[in-house]
Amino acid sequence: MKKYLVLLISCSLAAGASSCADFGARLRQYTYPPTFHYITNEQLKSTMWQLAYHSRELRVLMASPEETAVNRPEVLQHLRAMEQVMIELNRTGWPSNHPLVDANRSNFLQDIRTAQDAVSRDPPNFFRAGAVSGACAYCHGSRGA
Ligand code: HEC
């Protein structure tokens, strides 16, 4: 009899837990699908100000051809940092609440990586790195708004 009671209790506990999980899953269905990435405003802004910082640094480091050549390691560091912050914005690769970001992120990353490759080559080519701020236009329009 005692054995039966234990069985009954553990069964109802298990049933309770599983219906709880069901409820959570059902609730998520009506809020966000499980394959959705939410980007907070704060995160987006912080990412953007980091991008702005690095592209400004690039401009300073590449003010003249001579400086550009000497500053090659720093130029590469800033390009890598820009790549990294854009990756961090959405590590999942799932659609986010910012369709503009979703649509243009991979083009932006592609430009940054092409610039990195060109700077890493021997002899280096800095043309793409110098034009990286133009990649902001994927999302910001051609006037850099
Ligand atoms: C993949 C899309 C995308 C790219 C590429 C991009 N941005 Fe943005 N940026 C956004 C979105 C979305 C916002 C927020 C909405 C808006 O203001 O247009 C934003 C806002 C900003 C802001 C304002 C942040 C605030 O506090 O409101 C700055 C500054 C900025 N971006 C700088 C840059 C710079 C500099 C680059 C290029 C190095 C860049 N962005 C590239 C999508 C992008």
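In this text, all values refer to a predicted model and were calculated from it rather than measured experimentally. Every chain's residues receive numbers from 1 upward, in the order its sequence appears when written. Restriction of local features to residues with pLDDT of at least 70 applies here, the model being predicted, together with a cutoff of 80 or more for giving and counting side-chain atom pairs; totals for whole chains, interfaces and linings are based on all residues.

(A) Unusual backbone geometry, seen in detail. For the bond running from D122 to P123, omega is -5°, close enough to zero to count as cis. What counts as a helix is a DSSP run of H or I of at least four residues, what counts as a strand is a run of E of at least two, and both are numbered from the N terminus. With respect to the helices and strands, the residue P123 is situated in the loop between α5 (99-120) and α6 (127-130).

(B) View of the site of the ligand. Close contacts around the ligand come from 18 residues, with K45, M48, F108, C136 and C139 the closest. Elements supplying a minimum of two residues to the shell around the ligand: α2 (41-61), α5 and α7 (137-140). Top element by residues in the shell around the ligand is α2. It accounts for 7 residues. Under the scheme applied, nonpolar residues are Ala, Val, Leu, Ile, Met, Phe, Trp, Tyr, Cys and Pro; charged residues are Asp, Glu, Lys and Arg; polar residues are all the others, including Gly. Across the shell around the ligand, the residue classes tally to 11 nonpolar, 5 polar and 2 charged. Using the backbone to place each C-beta atom, any residue with that atom within 6 Å of a molecule or strand is considered near it.

(C) Representation of the nonpolar core. Only buried Ala, Val, Leu, Ile, Met, Phe, Trp, Tyr and Cys residues enter a nonpolar core, and they are joined through C-beta atoms within 7 Å. Buried means a residue has 20 or more other C-beta atoms within 10 Å of its own C-beta, exposed means 12 or fewer, and partly exposed covers the counts in between; C-beta atoms are placed from the backbone. Of all hydrophobic cores here, the largest spans 12 residues; its members are L51, L58, M62, V75, L79, M82, F108, I112, A115, A129, V132 and A135. When contributions to this core are tallied by element, the ones reaching two or more residues are α2, α4 (72-89) and α5. Note on contacts: residues are paired as contacts if their backbone-placed C-beta atoms lie within 7 Å. Other than its neighbours up to four places away in sequence, M82 contacts L51, H54 and I112.

(D) Highlighting the environment of M48. Mapped onto the elements of the fold, M48 is located in helix α2. Considering only alpha carbons, one finds M48 and L89, 41 residues apart in sequence, at a separation of 9.8 Å.

(E) Broad picture of α4. Here the expected length of a helix is defined as 1.5 Å per residue gap, with one fewer gap than residues. Between its first and last C-alpha, α4 extends 26 Å over 18 residues, near the 26 Å set by a 1.5 Å rise per residue. Buried within α4 we find V75, H78, L79, M82 and L89. Projected down its long axis, α4 shows its buried positions confined to an angular sector of 100°, all on one face. Exposed residues on α4 whose side chains face more than 90 degrees from its buried face are P73 and E88. Each element contacted by the buried residues of α4 is listed here: α2, α3 (65-70), α5 and α6. To be clear, the arc concerns the directions from the helix axis to the C-beta atoms.

(F) Focus on α2. Here α2 contains 21 residues, and its C-alpha end-to-end distance of 30 Å stays within 8% of the 30 Å for a straight helix at 1.5 Å per residue. Taken together, the buried positions of α2 are L51, H54 and L58. For α2, the angular spread of buried residues about the axis comes to 70°, placing them on one side. More than 90 degrees from the buried face of α2, the exposed residues found are N41, E42, K45, W49, A52, R56, R59 and V60.

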